[in-house]
Amino acid sequence: MDHLLDVAAPRPASTTMTHPIARVLPLLEPAHLDRDFDYLVPPEMDEIAQPGVRVRVRFSGRLVDGYLLERLEKSDHTGKLVRLERVVSPERVLTPEILKLVGAVASRYAGTRADVLRLAIPPRHAKVESEGTDQPEKPKRSSKKAKAVAAEVGEEITRVDPVVESLSAQDVPVSADVVDEAPEPAAAQPIPEEFPAWGRYVHGHSFLGALAAGRGPRAGWQALPGEEWARRLAELAAVTVRGGRSAVIMVPDQRDLDRVLAECVALVGESAVGLAAGLGPSARYRRWLSVLRGTARVVVGTRSAVFAPVKELGLIAIWDDGDDTFAEPRAPYPHAREVAMLRAHETGAAFVAGGFSRTAEVQAIVESGWAHDLLADRSVVRQAMPRITAPGDTDAALERDPIAQAIRIPAVAFTEARKALKAGGPVLVQVPRRGYIPALSCAKCRTPARCRHCNGPLALPDSAPASRGALRSGRDGVAEAQSPACRWCGITEAAFRCGACGSRALRAVVIGASRTAEELGRAFPGVPVRGSGGSSILNSVPEGPQVVVSTIGAEPPVPGGYAVAMLLDGWALLGRADLRAAEDALRRWMSAAALVRPDGRVIVMADAGLPTVQALVRWDPVWHAGFELEQRAEVRFPPAVRFAAIDGTTESIAELLGEAKLPDDVEILGPVPLPPGARKPFSSGDSPAEVERMILRADRSSGAALSRALTAAQAVRSTHRSDAPLRVQIDPIDIG
């Protein structure tokens, strides 16, 4: 049971304590110990033992960390109470809102509050805590303009009716029949003169107006091609701050964080801070404390920023929620988007899920009425987007180049690139894989080349290009490998022999970014060729004729935009055995195509008849998200249903299911063996030789009951002191 914290100011010490009992949540691993315990507060700790502080308590003879949840007059415990051992710090780091969110996340993901608290609150840094927090600089905009923002807002948007109660801790609606219909947005209101770009979006005026008026609108925002999305997010945060509230913005990586933070600082001054794991313990804790103490009002960060303890949360936004970095790899494996929606619902804050593309999960909440579309009119989209084509997409194109669909870079792509370079424009080339030749197969029977030692995939590393003799070209493009290496164990395979047919010849299955850059350097002599990917990601490139070869997600922007973009090896993205392969491919393509100027050209090397390619050509991510959602609902896959993936040994899975009292409508799928490449490390220790996965599938209306059943089963199992590895994930991004 959750207990709200008393946030009143510390009371002066007195000889008689009115609340001598401290209710504490110890940070213990066993699931059955995820509950509150009562301790006696010594008189000397009365003043500093306040709700929200870190404490040390004795539990089963050992000292453990914990959080003080509340002070009570008396305890329900009839036995003798143990005294608090120590108050680690008087800093009240656990706020009532975050405690409530922690409980909701633990319930949603069948985890423990202790695990969620480890994600929500960073480790203490005593020296930083004793430094205090300086007052932030005043925002660069004047207070008169802040008043003007609110003054220009006329009619306020009516806030969305509350959804069903189960949403607050368990569910996000998928169909409109389980949630009160949200009212249509009010008529467009005037946009502040300094933020005219939002006028390109239907209801953009109303959304800014609702933020300025202190409302909590929710939207799925589809950014226009070429949009300065970091600036737009900063503008939303600025309007929120001027209304006296705080904002949290989440982005996938450090490069995006730097862009958004710079824009936020330009609008709100030093009251904007960035939170990321790469800062280091002291710097990160210092910034986190500035958020806790209220001196920072805008937080820009990666997935952990969703738990930032801002005061008076008014906006929580997430950019590119389809990126897999938003999925937490530590128990209980929450997704930042889902946590953000829980928090927005609990606090009444505004919620924005933005991106060039759209996930099926965001489409589901829009179709349910929990959120609204924030889109531009189709005429505006057509003006902003470049011309996008696929090789052989018309009969005339096929007649001009009959083999356009069969080769990696067709003639039309080379022609457009040469024209752009001659005119002084840059060319972007997106490649799905980094390295030189990251995948090899037998040249005779096409069986994937595997390592004899660990059965891992063989590849040619960057340090062994063809010019050095690593590959010897043969007939029909077949290459004979001399020194491929295993991508898993790193052992060089000097004498490869196919296990299926005995052939020694190898061929490239996928061409990596390094090999692509080498080939393009020969095709365009005298033109600079830059690479971006892996550990050498370019933040930006200057203007001028050049070829930029980038892996997916590492495309650097260029002032004025690229003249041509070539999206290579579309089959490598679309052909992955993954539920989200098509959705992820469109997201990657749109992110690259958005860097191209409106009069530029984008050529995607994929089958023009595929729905995903058609969505890119028309720049219609909303249609594609609806198509994906419909397809998944038909075969009962998330987000249309609730999934629970249970990984472990045969014995550990059977033990858990034997204790679980599952809802009647739960389907049990499996178990199936997990291949080594699909396994993730277990928190309990080394992974066993054989790992299986069991899938539990239930309707979303039974999602809360499924999570409760798994939580209870894990608690019972932990009392047995079983050390067999087991992992429970709710709605994992990789189903397997």
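A.B. asks: I keep staring at the packing of aromatic side chains and nothing clicks. Help me out?
C.D. replies: The geometry of two aromatic rings is summed up by the distance between their centres and the angle between their planes. Counting across every chain of the model gives 12 aromatic pairs. Ring centres 5.7 Å apart and planes at 55° place the aromatic pair W221 and W319 in the tilted group. With W221 in strand β6 (residues 218–222) and W319 in strand β10 (residues 313–319), this pair connects stretches of sequence that are 98 residues apart. A ring pair is formed by Y285 and W288, whose centres lie 5.9 Å apart and whose planes are at 10°; its orientation type is stacked. Pair noted here: Y285 and W288 are both in helix α8 (residues 281–292), with a separation of 3 residues, about one helical turn. With respect to burial, Y285 and W288 carry one shared label: buried. The rings of W198, Y201, W221, W229, W319 and F356 are connected pair by pair, giving a single aromatic cluster. Against the face of Y109 rests R108, its NZ or CZ located 4.7 Å from the ring centre.

A.B. asks: Hey, could you run me through empty space enclosed by the protein in this one?
C.D. replies: With a probe scaled to a water molecule rolled over the atoms, the places where space remains empty come into view. Under the defined criterion, the tally for this structure stands at 3 cavities of 30 Å³ or more. Here the second largest cavity defines a volume of roughly 80 Å³. Residue lining of the second largest cavity: L119, R303, S304, V306, F307, F326, E328, R330, P334, H335, A336 and V339, and that is the complete set. The residue makeup of the lining of the second largest cavity, split by class, is 7 nonpolar, 2 polar and 3 charged.

A.B. asks: Teacher, can you tell me more about the sheet that holds strand β12 (residues 372–374) here?
C.D. replies: Whenever strands of a sheet pair, they do so through backbone hydrogen bonds, lying parallel or antiparallel. One open sheet holds the 7 strands; their spatial order is β8-β9-β7-β10-β11-β6-β12, and the pairing between them is parallel. Each edge of the sheet is formed by a strand with only one pairing partner; in this case those strands are β8 (272–275) and β12. Neighbour-to-neighbour, the strand axes of this sheet turn through a mean angle of 20°, independent of strand direction. Here 4 bridges tie strand β7 (residues 246–250) to strand β9 (residues 298–301), and the two strands are oriented parallel to one another. When the bridges of β9 are listed, I249 appears paired with V300. Along the sheet face, α8 touches β8 and β9 and points at about 135° away from the line of β8.

A.B. asks: Any chance you could explain the environment of V57 here in plain terms?
C.D. replies: In this fold, V57 is placed in strand β3 (residues 53–59). Considering only alpha carbons, one finds V57 and R83, 26 residues apart in sequence, at a separation of 7.8 Å. When neighbours within four sequence positions are excluded, V57 is seen to be in contact with V24, Y39, R62, L63, V64, L84 and E85.

A.B. asks: Please clarify how the pairing of strand β24 (residues 596–604) should be interpreted in this entry.
C.D. replies: The two faces of the sheet receive side chains in turn, since in a regular strand these alternate between them. Here strand β13 (residues 387–389) runs beside β24; their pairing, made up of 3 bridges, is parallel. Across the sheet, residue T389 finds its bridge partner in β24, namely I603.

A.B. asks: Can you help me understand the pattern of salt bridges in this one?
C.D. replies: It is possible for side chains bearing opposite charge to pair when their charged atoms get close. Under the counting rule described, the total for this entry stands at 46 salt bridges. Notably, a salt bridge pairs R587 with D320, separated by 2.9 Å at the nearest N-O pair. Here R587, found in helix α16 (residues 581–593), pairs with D320, found in the loop between β10 and α9 (336–347); they are 267 residues apart in sequence, far enough to count as distant. In terms of burial, R587 and D320 fall into one category: buried.

A.B. asks: Hey, could you run me through the pairing of strand β1 (residues 21–26) in this one?
C.D. replies: Taken across its 6 residues, β1 has 6 buried, putting it largely inside the fold. What you see with β1 is no split at all: I21, R23 and L25 on one side and A22, V24 and P26 on the other are buried throughout. Where β1 lies against strand β2 (residues 37–40), 4 bridges are found, and the strand directions are antiparallel. Counterpart to V24 in the pairing with β2 is F37.

A.B. asks: Please clarify how the packing of helix α5 (residues 204–212) against helix α6 (residues 229–242) should be interpreted in this entry.
C.D. replies: Each pair of packed helices gets described by two things: the angle between the helix axes and the distance between those axes. Interhelical geometry of α5 versus α6 gives an angle of 35° and a closest axis separation of 8 Å. Contacts between α5 and α6 involve F207, L208, L211 and A212 from the former and L236, V239 and T240 from the latter. For the contact of α5 with α6, the class distribution of residues is 6 nonpolar, 1 polar and no charged.

A.B. asks: Just to check I follow, could you spell out the nonpolar core for this structure?
C.D. replies: Soluble globular proteins tend to bury their nonpolar side chains together. Counting 71 residues, the largest nonpolar core has M250, F351 and L710 as its most contacted members. Not counting residues up to four positions away in its chain, the partners in contact with L710 are A110, A644, I646, L656, L662, L696, V728 and I730. Listed in part, the 70 residues of the second largest apolar core include A212, A390, L573 and A593.

A.B. asks: Would you mind showing me how to read the environment of G301 here?
C.D. replies: By the element assignment, G301 lies in strand β9. On the basis of relative accessibility, which here comes to 0%, the residue G301 falls in the buried class. Put simply, G301 and I318 are 17 residues apart on the chain and 9.7 Å apart in space, counted from C-alpha to C-alpha. With residues up to four places along the chain from it excluded, the contact list for G301 reads I249, M250, V251, L257 and L275.

A.B. asks: What is the right way to look at helix α1 (residues 96–108) in this model?
C.D. replies: Structural remark: α-helix, 3.6 residues per turn; residues separated by three or four positions point the same way. Over its 13 residues, α1 runs 19 Å from end to end, which matches the ideal 18 Å to within 8%, given 1.5 Å per residue. Those residues of α1 that fall on the buried side of the exposure criterion are I98, L99, L101, V102, G103, A104, V105, A106 and R108. Tucked into the core, α1 has its buried residues touching β4 (62–72), α2 (113–120), α9, β25 (641–648), α20 (703–719) and β28 (726–730). Remark: A110 follows α1 within two positions and exhibits a positive phi of approximately 55°.

A.B. asks: Help me out: how do you make sense of the sheet that holds β25 in this one?
C.D. replies: A sheet is described by the order of its strands in space; here 4 strands give the open sequence β26-β27-β25-β28, paired in antiparallel fashion. Both outer strands of the open sheet, β26 (667–673) and β28, are each paired with one neighbouring strand and no more. Looking at each pair of strands side by side, their axes are set apart by 15° on average, direction ignored. Across the sheet, helix α19 (residues 650–659) is in contact with β25, β27 (692–699) and β28; its angle to β25 comes to roughly 135°.

A.B. asks: Is there a simple way to think about the confidence of the model for the chain in this case?
C.D. replies: Keep in mind that low pLDDT regions are not for reading the predicted coordinates in detail. Per-residue confidence for the chain gives a mean pLDDT of 84; residues scoring 70 or more make up 82%. Below pLDDT 50 for its whole length, residues 1–15 participates in 40 contacts with residues either more than four positions away or in separate chains. Counted against residues more than four places away or in other chains, residues 134–191, with its pLDDT under 50, gives 122 contacts.

A.B. asks: Help me understand the side chain of D38, please; the structure alone is not making it clear to me.
C.D. replies: If you trace the backbone, D38 turns up in strand β2. A polar contact of 2.9 Å, which involves the side chain of D38, links it to the side chain of R23. A polar atom in the side chain of D38 sits 2.5 Å from the side chain of S75. Not counting residues within four places of it along the chain, the set of residues in contact with D38 comprises I21, A22, R23, L72, S75, D76 and L81.

Definitions and cut-offs
Residues numbered from 1 in each chain as written. Predicted model: local features only at pLDDT ≥ 70, side-chain atom pairs only at ≥ 80, totals over all residues. Heavy atoms only, no water. Phe/Tyr/Trp six-rings, centres within 6.5 Å; stacked < 30°, edge-to-face > 60°. Helix = DSSP H or I, 4+ residues; strand = E, 2+ residues; numbered from the N terminus. Buried < 20%, exposed > 50% of the residue type's maximum accessible area, 1.4 Å probe, protein only. Lys NZ or Arg CZ within 6 Å of the ring centre and 35° of its normal. 1 Å grid on protein atoms, 1.4 Å probe; cavity = no way out; pocket = protein on both sides within 12 Å on 5 of 7 lines; lining within 4 Å. Points joined across faces, edges and corners; volume = space filled by probe spheres on them. Nonpolar A, V, L, I, M, F, W, Y, C, P; charged D, E, K, R; others polar. Pairing = 2+ DSSP bridges. Axes fitted to C-alpha atoms, helices over the stretch in contact; angles between N-to-C directions. Contact = heavy atoms within 4.5 Å. Salt bridge = Lys/Arg side-chain N within 4 Å of Asp/Glu carboxyl O. Core = buried A, V, L, I, M, F, W, Y, C linked by side-chain atoms within 4.5 Å. Expected span 1.5 Å × (residues − 1). pLDDT = per-residue confidence, 0-100. Polar contact = N/O pair within 3.5 Å; in protein donor to acceptor, adjacent residues only side chain to side chain.

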